[in-house]
Amino acid sequence: MALEHAILVSLTERTGSGYELARRFDRSIGYFWPATHQQIYRVLRRMDEAGWVTHTEVAQEGRPDKKVYRVSDGGRAELTRWIAEPGEVAILRDALGVKLRAASIGGVDAVLREVARHRAEHATRLEVYRGIQAKDFPKPAKLHDRELHQYLVLRGGIRAEESFVAWCDEVTDALQEES
């Protein structure tokens, strides 16, 4: 997936300036498709030039005018084309797994520390996702359309984090028993 498609999805949900879009990435879509603010601004310019988005200049007091972006008909057509296109199947590519394979070379303690660090980060992310679920989707059975789709992506993130935390626990238990 290209960042362009993640931006198109976000802009179909709500128009916004580059700054507003970057903030949205920091709080939602960026959990699944991260991008720096600079990348977002650079890609927005390309998308504007390609005709996938349009913008309106909005005057601001004491600051430069801001551009508020929205998806154009061309952008909707591109998003429709991309949705229908077969995508890559996700493949786990994780350095922690490679380090674990190499633990017998003499680094079991170092690998245990690394597993603990990863577990802590995934557990933190899991709590963030659960917080979003509680705040934004308190009644999931009543969701439909866009809200249901957002909820299902969030549930995928929750399940992935739960799985990674459980795997870290399994690895820790097994390596500690081995020692």
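The name given to the chain in an unreviewed UniProt entry is PadR family transcriptional regulator, and the organism recorded there is Kribbella antibiotica.

Undergrad: Residue-level account of the layout of surface pockets, with values.
TA: One number sums up the size of the largest pocket: a volume of about 1200 Å³. Taken together, 27 residues line the largest pocket, and the ones lying closest to its centre are Glu13, Ser28, Ile29, Gln150 and Val153. Examining the composition of the lining of the largest pocket, we find that six residues originate from one element, helix 1 (residues 3–13), more than from any other. A class-by-class count of the residues in the lining of the largest pocket yields 13 nonpolar, six polar and eight charged.

Undergrad: So what's going on with the domain arrangement of the chain? Which residues, and what values?
TA: Partitioning the chain into structural domains gives domain 1 (3–84) and domain 2 (95–178). For domain 1 and domain 2, the distance between their C-alpha centres works out to 29 Å. In this assembly, five residues from domain 1 lie in contact with eight residues from domain 2. Both faces considered, domain 1 and domain 2 share a buried interface measuring about 530 Å² in area, 61% of it formed by carbon and sulfur atoms. The largest share of the area that domain 1 buries against domain 2 comes from Glu13, Tyr31 and Phe32, three residues that together contribute 88% of it.

Undergrad: Tell me what's going on with unusual backbone geometry, and back it up with residues and numbers.
TA: Positioned with a positive phi, aspartate 145 is a non-glycine residue whose angle comes to about 50 degrees. Of note, aspartate 145 is situated in helix 7 (residues 145–178). In this structure aspartate 145 comes out as exposed when scored by relative accessible area, which is 53%.

Procedures and definitions
- Residues numbered from 1 in each chain as written.
- Predicted model: local features only at pLDDT ≥ 70, side-chain atom pairs only at ≥ 80, totals over all residues.
- Heavy atoms only, no water.
- 1 Å grid on protein atoms, 1.4 Å probe; cavity = no way out; pocket = protein on both sides within 12 Å on 5 of 7 lines; lining within 4 Å.
- Points joined across faces, edges and corners; volume = space filled by probe spheres on them.
- Helix = DSSP H or I, 4+ residues; strand = E, 2+ residues; numbered from the N terminus.
- Nonpolar A, V, L, I, M, F, W, Y, C, P; charged D, E, K, R; others polar.
- Domains from an automatic or database assignment.
- Contact = heavy atoms within 4.5 Å.
- Buried area = accessible area lost by both parts, 1.4 Å probe.
- Buried < 20%, exposed > 50% of the residue type's maximum accessible area, 1.4 Å probe, protein only.

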